[in-house]
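# Observations on the model geometry
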Amino acid sequence: MPRQNARSDYATVRGLTRGLDLLRALNVQEGGRASLGQLAEATGLHRTTVRRLLETLISEGFVRRSDSDDSYCLALRVRSLAEGFRDDNWISSIVAPALSELLQAVVWPSDLATPQGAHMVIRESTHRFSPLSFHRAMVGQTMPMLLTAAGRAYLAYCPDDEREEILQLARAGEDDQARLAADPRFVANVVERTREKGFGSNDGEWTSQRKVGAIALPIMLQGRPLGAINIVYLNRMVPQRDADRRFLPALQRAVSRIEEKLAEQQGQR
């Protein structure tokens, strides 16, 4: 699996990196389980190496093997690896419950995304819980600002100076978004249409996700967006006009609850 190279005075421990690759591969498998052969293919490692690593992870309590079909899955102890991690409190205490309620209402998955440069980063997601999800591990994934519903919702409602900074970063890229960010008419149209409708949308414009459609609303606090909540669906199953009608009311209720709780929390400080 590809990883970013970092400068270091020490050589990497190959066994450790391979073990981490194996945990990542298990994490994204359908249903969270996989056979020895599937893991060897996903990691590019020899089956003997994969088996040796799995046995080590099993002995340490991070992986378990099913007696019924000889498949492997992550064990409960994996959760202990995140115990020292502290995310923004508002995401875990306010957004996560609202996304859970939204999932119950619409079934299709949703994400909370916040800005990072010219992209939106997914901070919380119900993809792993939705029976209609076509991706499993979404937290930490990035989305282009100009080509996605969440990005458009944020861009349309952020202050003008922030929007220009985002566009400058986008223009410096080497992707489809860079070309679009350099077209002032395209940008103005995206902002105008999003404000006119009151929500962001995309219907397959994201070139790497042509089959995906989405609608999104910004989360506003004191007149500024903190991020955006989307609802993601397959556009061949849900035409955009139907998505607006079917999903927007539930999305509006979820975002309103989040904004109310954020305002209450802000007032208590």
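Residues numbered from 1 in each chain as written. Predicted model: local features only at pLDDT ≥ 70, side-chain atom pairs only at ≥ 80, totals over all residues. Heavy atoms only, no water.

Bringing the overall build of the protein into the picture now. Looking only at helices and strands, one finds 9 helices and 9 strands in the protein. Within the span of the protein, comprising 269 residues, buried residues form 44% of the whole. (Helix = DSSP H or I, 4+ residues; strand = E, 2+ residues; numbered from the N terminus. Buried < 20%, exposed > 50% of the residue type's maximum accessible area, 1.4 Å probe, protein only.)

Okay, the packing of aromatic side chains next. Taken as a whole and judged by the stated rule, the model has 1 aromatic pair. The interplanar angle of 50° and the centroid separation of 5.9 Å between the aromatic rings of Y233 and F247 together place this pair among those described as tilted. Taken together, the residues span a long stretch of sequence, with Y233 in strand β9 (residues 224–234) and F247 in helix α9 (residues 240–267) at a distance of 14 residues. Accessibility expressed as a relative area gives 0% for Y233, which makes it buried. (Phe/Tyr/Trp six-rings, centres within 6.5 Å; stacked < 30°, edge-to-face > 60°.)

Glancing now at the sheet that holds strand β2 (residues 63–65). If you walk across this open sheet you meet the 3 strands as β1-β3-β2, and the pairing is antiparallel. Across the chains shown, the open sheet's two edge strands, defined by having one partner strand only, are β1 (33–34) and β2. Summarising the sheet, β2 and strand β3 (residues 72–74) pair through 3 bridges and their orientation is antiparallel. Note that in β3 the partner of V63 across the bridge is L74. Relative to the sheet, helix α1 (residues 14–28) contacts β1, β2 and β3, its axis offset from that of β3 by approximately 95°. (Pairing = 2+ DSSP bridges. Contact = heavy atoms within 4.5 Å. Axes fitted to C-alpha atoms, helices over the stretch in contact; angles between N-to-C directions.)

Turning our eyes to something else, we now look at the nonpolar core. Within the largest apolar cluster, 29 residues are counted, with the highest numbers of intra-cluster contacts made by L102, I229 and F247. Elements with a minimum of two residues in this core: α4 (89–106), β8 (212–221), β9 and α9. When residues in this core are grouped by element, the largest group, 9 residues, is from α9. F247 has contacts with V106, W108, I215, I231, Y233 and V238, leaving out every residue within four places of it along the chain. By size, the runner-up hydrophobic cluster in this structure holds 28 residues, among which are A181, V191, A214 and A228. (Core = buried A, V, L, I, M, F, W, Y, C linked by side-chain atoms within 4.5 Å.)

Before going further, it helps to examine the pattern of salt bridges. Taken as a whole and assessed by the stated rule, the structure comprises 9 salt bridges. Measuring nitrogen to oxygen at the nearest pair gives 2.8 Å for the salt bridge that ties E55 to R65. Placement of E55 in helix α3 (residues 47–59) and of R65 in strand β2 is noted, with a sequence separation of 10 residues between them. You can call R65 partly exposed: its relative accessible area is 33%. In this structure, R245 and D242 form a salt bridge, with 3.5 Å as the shortest nitrogen-oxygen distance. One end of the pair, R245, and the other, D242, are both in helix α9, 3 residues apart, so they sit about a helical turn from each other. Exposure remark for R245: the relative accessible area of 56% places this residue in the exposed category. (Salt bridge = Lys/Arg side-chain N within 4 Å of Asp/Glu carboxyl O.)

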